[in-house]
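Structure at a glance
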Amino acid sequence: MSEHADIVVVHYPRGVTALVWFDLVTGALATSHAGLRDTLRRGVRDWEGHIVCSHDGHRFLSAVYDHFFLSGYPVYWLSVSGLKEVRTTYRV
């Protein structure tokens with residue numbers, strides 16, 4: 001993973017936080033949550049209700065944000081530089 005990424009942070013009930021990020025250099029998508037990876041691989045609906053898949057890159061990350069926001073979860077969008085490592089990662 002490069003040091004530059006856009007990240008969607010999802011706060012689940014019971015205190016669990018999941019990250020979904022798009023590596024701006026490599027174009028890779030990953031998550032910190034194993035169960036979420038399986039959900040994301042099926043695709044998510046964007047704000048307009050269209051299914052967006054992981055191969056759509058940055059558009060997919062936007063759809064992930066929309067999906068969780070519309071489902072009532074607290075979500076945040078971060079753009080970071082200098083990201084070194086996330087301990088557990090799952091490719092989407």
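Just above sits the structure.
To keep things clear, this report deals only with the structure shown in the data block. (Residues numbered from 1 in each chain as written. Predicted model: local features only at pLDDT ≥ 70, side-chain atom pairs only at ≥ 80, totals over all residues. Heavy atoms only, no water.)

Brief notes about the pattern of salt bridges
Spelled out, the test is: Basic side-chain nitrogens of Lys or Arg form a salt bridge, by our definition, when they fall within 4 Å of a carboxyl oxygen of Asp or Glu. The buried label goes to any residue with under 20% of its type's maximum accessible area, the exposed label to any with over 50%, and the partly exposed label to all in between, with areas taken from a 1.4 Å probe on protein chains only.
The tally for this structure, following the rule as stated, stands at two salt bridges. With a closest N to O distance of 3.9 Å, D38 and R37 form a salt bridge. For the salt bridge of D56 with R59, the shortest nitrogen-to-oxygen distance reads 3.7 Å. Residue class for D56 comes out partly exposed when judged on its relative accessible area of 29%. We classify R59 as partly exposed; its relative accessible area is 44%.

Observations concerning the nonpolar core
Just so we agree on the cut-off: What makes a nonpolar core is a set of buried Ala, Val, Leu, Ile, Met, Phe, Trp, Tyr and Cys residues whose side-chain atoms join them at distances within 4.5 Å. Think of it this way: any DSSP run of H or I at least four residues long counts as a helix, any run of E at least two long counts as a strand, and we number them from the N terminus. Should any heavy atoms of two residues lie within 4.5 Å, those residues are considered in contact.
Counting 17 residues, the largest nonpolar core has V20, L36, L40, V44, F60, V64 and F68 as the members making the most contacts within it. Looking at this core, the elements with two or more residues in it are β1 (4–11), β2 (17–23), α1 (34–41) and α2 (58–70). Looking at this core element by element, the count peaks at five residues for α2. Among all residues touching L36, those that are not within four sequence positions of it are Y12, A18, V20, T31 and F68.

Considering the sheet that holds β1
Note the cut-off: A strand pair is defined by DSSP finding two or more bridges across the two strands. Throughout, an axis means a line fitted to C-alpha atoms (over the contacting stretch in the case of helices), and angles, computed between N-to-C directions, take values from 0 to 180 degrees.
Ordered by their spatial adjacency, five strands build an open sheet running β6-β1-β2-β3-β7, and the pairing between neighbours is antiparallel. With one partner strand each, in any of the chains shown, β6 (75–81) and β7 (90–91) form the two edges of the open sheet. As paired elements, β2 and strand β3 (residues 29–31) share three bridges and run antiparallel to each other. Its bridge partner being in β3, F22 is matched across the sheet by L29. Here α2 sits on the sheet in contact with β1, β2, β3 and β6, set at roughly 150° to β6.

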